[in-house]
Amino acid sequence: MTYFLQLLLNGIHNAALYALLAYGYVLIHGLTHRTDLSLGAIFAFSGQTFILVAAFAWSILWMTLPAALAFGLLIALVYVMTGGYVIARLIYAPLEAGTRNTILVATLGLSIFLAELSRIAANTRDYWLPPMLSQPVPLLGPEVNISLTQMQVLNIAVALTVIGCGEAIMLRTAAGRIWRAVSDEPQATAMCGIDPKRVRTQAILAAYGICALAGFLAALYYGNISFNTGMIFGLKILFITAAGGFSRPLHAACGAALVGMVESLWGGYFSVLWRDVAVFSLLVFVLATRITGQDEERI
């Protein structure tokens with residue numbers, strides 16, 4: 001039972017990262033109703049940019065470790081937010097009137113571009129951050145050997161805070177009402193004086209900011225994010241979000257959290273080599289059994 005509870009707690013950390021990515025995905029997909037494969041690439045690109053810039057600041061600029069991490073965070077955030085604005089203007093704006101597959105193909109090409117850009121910048125090498133906040137935090141008292149590291153607790157707290165603030169904005173502010181209105185009837189909202197393109201750009205920036213945050217948290221915890229991890233994360237988030245639902249970001253985040261728990265339990269009891277196969281098989285089964293006609297139109 002102790003082993004099971006430890007796996008369950010570790011799964012909460014995985015769930016927090018997946019929930020952030022799924023929440024950001026629905027912020028975009030809920031407005032565009034187009035499949036976007038760039039979120040996983042943004043997650044990996046932001047994390048690796050953060051690591052590369054921090055390593056450069058530490059070894060070349062002779063900054064202290066906290067200053068180097070802060071500098072890496074700032075530069076990666078500037079890259080991601082600038083890229084998000086450019087993507088909104090150069091991909092979504094010209095292609096919104098095209099077929100449903102145009103956005104998919106364009107964001108697939110963007111994912112490949114970001115992966116290659118990261119690989120070239122890193123010279124096909126993996127850079128690692130030193131372990132940080134790795135001290136265990138007992139959760140059930142000193143008598144029971146069940147704990148999370150300080151970094152895991154921090155990541156979970158940040159993810160819950162971001163999703164909680166996002167839901168508060170969606171449910172209690174004019175921005176949330178406008179997002180729901182544009183998601184349901186973009187033409188009607190345009191007739192009421194709301195610019196759907198502006199709302200879409202703001203949603204893309206918010207989603208990319210959330211994915212960048214997930215990349216930072218993952219980089220701090222794992223110490224490394226490889227340039228080739230973006231595609232698999234993008235596919236996972238697409239399947240997870242489809243299973244959780246495209247109409248509400250919170251529902252997608254809850255579905256993603258469940259998948260993170262399943263991954264942790266599978267890794268503890270079965271072969272890790274078959275983990276992704278098991279997760280994708282589960283997601284395909286869920287999609288085949290619960291997807292509605294409305295959801296099918298949104299994929």
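Residues numbered from 1 in each chain as written. Predicted model: local features only at pLDDT ≥ 70, side-chain atom pairs only at ≥ 80, totals over all residues. Heavy atoms only, no water.

**Some details on the nonpolar core**
What counts is decided by this rule: Side-chain atoms within 4.5 Å link the members of a nonpolar core, which is a set of buried Ala, Val, Leu, Ile, Met, Phe, Trp, Tyr and Cys residues. Only protein chains enter the accessibility calculation, which uses a 1.4 Å probe; a residue whose area is less than 20% of its type maximum is buried, one above 50% is exposed, and one in between is partly exposed. Only heavy atoms enter the contact rule, under which two residues are in contact if any of them lie within 4.5 Å.
Counting 69 residues, the largest nonpolar core has Phe-50, Leu-129 and Tyr-208 as its most contacted members. Ignoring anything within four residues of it in the chain, the contact list for Phe-50 reads Leu-69, Gly-72, Leu-73, Ala-76, Leu-129, Phe-216, Ala-219 and Leu-220.

**A few points about the pattern of salt bridges**
To keep things clear, this is the line we draw: Here, a salt bridge means any side-chain nitrogen of Lys or Arg that lies within 4 Å of a carboxyl oxygen of Asp or Glu. The way it works is that DSSP assigns letters per residue, a run of H or I at least four long becomes a helix, a run of E at least two long becomes a strand, and they are numbered from the N terminus.
Summed over all chains, the structure comprises 1 salt bridge. For the salt bridge of Arg-119 with Glu-116, the shortest nitrogen-to-oxygen distance reads 2.9 Å. Here Glu-116 and Arg-119 lie together in helix H4 (residues 100–121), a separation of 3 residues that amounts to about one turn.

**A word on a nonpolar patch on the surface**
Formally: Patches here are clusters of residues that have more than 30% relative accessible area and form no salt bridge, with a 9 Å joining cutoff for like charges and a 5 Å cutoff for nonpolar side chains (Val, Leu, Ile, Met, Phe, Trp, Tyr). Method for areas: the Shrake-Rupley scheme with a 1.4 Å probe, in which residue coverage is limited to the protein chains shown.
A cluster of nonpolar side chains, namely Met-1, Tyr-3, Phe-4, Tyr-269 and Phe-270, defines an oily patch on the protein surface of about 600 Å² accessible area. Among the structural elements, Tyr-3 can be located in helix H1 (residues 2–32). Classification of Tyr-3 as partly exposed rests on a relative accessible area of 47%.

**A short note on H4**
Test applied: For a helix, the expected span equals 1.5 Å multiplied by the number of residues minus one. Within this analysis, the arc is defined by the directions that extend from the helix axis to the C-beta atoms.
Under the 1.5 Å per step criterion, the end-to-end length of H4 is 33 Å for 22 residues, consistent within 8% with the ideal 32 Å. All of the buried residues in H4 are Ile-103, Thr-107, Leu-110, Ser-111, Leu-114 and Ser-118. The arc that holds every buried residue of H4, seen down its axis, measures 105°, which confines them to one face. Within H4, the exposed residues directed more than 90 degrees away from the buried face are Asn-101, Val-105, Phe-113 and Ile-120. In the stretch just after H4, Asn-123 is the one whose phi turns positive, near 55°.

**Considerations on the packing of helix H5 (residues 150–172) against helix H10 (residues 249–269)**
As a reminder of what qualifies: Structural elements are reduced to axes, namely lines fitted to C-alpha atoms, with helices fitted over the stretch in contact, and the angle between N-to-C directions of any two is expressed from 0 to 180 degrees. Convention used here: angles under 35 degrees read as roughly parallel, angles over 145 as roughly antiparallel, angles from 65 to 115 as roughly perpendicular, and any remaining angle as oblique. Side-chain classes follow a simple rule in which Ala, Val, Leu, Ile, Met, Phe, Trp, Tyr, Cys and Pro form the nonpolar group, Asp, Glu, Lys and Arg form the charged group, and the remainder, Gly included, forms the polar group.
At their nearest, the axes of H5 and H10 sit 10 Å apart, and the two run at 155° to each other. Taken together, the axis directions place H5 and H10 in an arrangement best described as roughly antiparallel. Across the interface between the two elements, Ile-163, Glu-167 and Met-170 of H5 pack against Pro-249, Leu-250 and Ala-253 of H10. Across the contact of H5 with H10, the residue classes break down as 5 nonpolar, no polar and 1 charged.

**Regarding the packing of aromatic side chains**
Spelled out, the test is: Centres within 6.5 Å make a pair out of two Phe, Tyr or Trp rings, where for Trp the six-membered ring is used; the pair is then stacked when the planes are under 30 degrees apart, edge-to-face when over 60, and tilted otherwise.
Enumeration according to the criterion identifies 4 aromatic pairs in this entry. Centre to centre, the rings of Tyr-221 and Tyr-222 are 4.7 Å apart; their planes meet at 75°, and the pair counts as edge-to-face. Seen in terms of ring centroids, Trp-266 and Phe-270 are 4.6 Å apart; in terms of plane orientation they differ by 40°. Their pairing is tilted. Residue Trp-266 is classed as partly exposed on the basis of its relative accessible area, which comes to 24%.

**Details of helix H6 (residues 174–184)**
Among the residues making up H6, those that are buried are Gly-176, Trp-179, Val-182 and Ser-183. Buried residues of H6, seen end-on, are gathered within an arc of 130° and therefore sit on one face of the element.

**Focus: the packing of H5 against helix H8 (residues 196–222)**
Axis separation between H5 and H8 bottoms out at 10 Å; the angle between their running directions is 170°. Considered as vectors, H5 and H8 are oriented roughly antiparallel to each other. Touching Met-151, Gln-152, Asn-155, Val-158 and Val-162 of H5 are Ile-210, Leu-213, Leu-217, Leu-220 and Tyr-221, all from H8.

**A short note on unusual backbone geometry**
The backbone of His-33 shows a phi angle near 55°, a positive value even though the residue is not glycine. Structurally, His-33 is set in the loop between H1 and helix H2 (39–59). In this structure, Leu-133 is a non-glycine residue whose phi angle is positive, near 50°. Summarising the element assignment, Leu-133 is placed in the loop between H4 and strand S1 (136–138).

**Digging into the side chain of His-13**
As a reminder, the rule being used: Think of a polar contact as two N or O atoms within 3.5 Å of one another; within protein, one of them needs to be a possible hydrogen donor and the other a possible acceptor, and neighboring residues in sequence only count if both atoms come from side chains.
Here His-13 shows up in helix H1. Take His-13: its relative accessible area is 1%, and that puts it in the buried class. Reaching out from His-13, the side chain makes a polar contact with the side chain of Asn-155 at a distance of 3.0 Å. In this structure His-13 touches Gln-152, Asn-155, Ile-156, Tyr-221 and Tyr-222, once residues within four positions along its chain are discounted.

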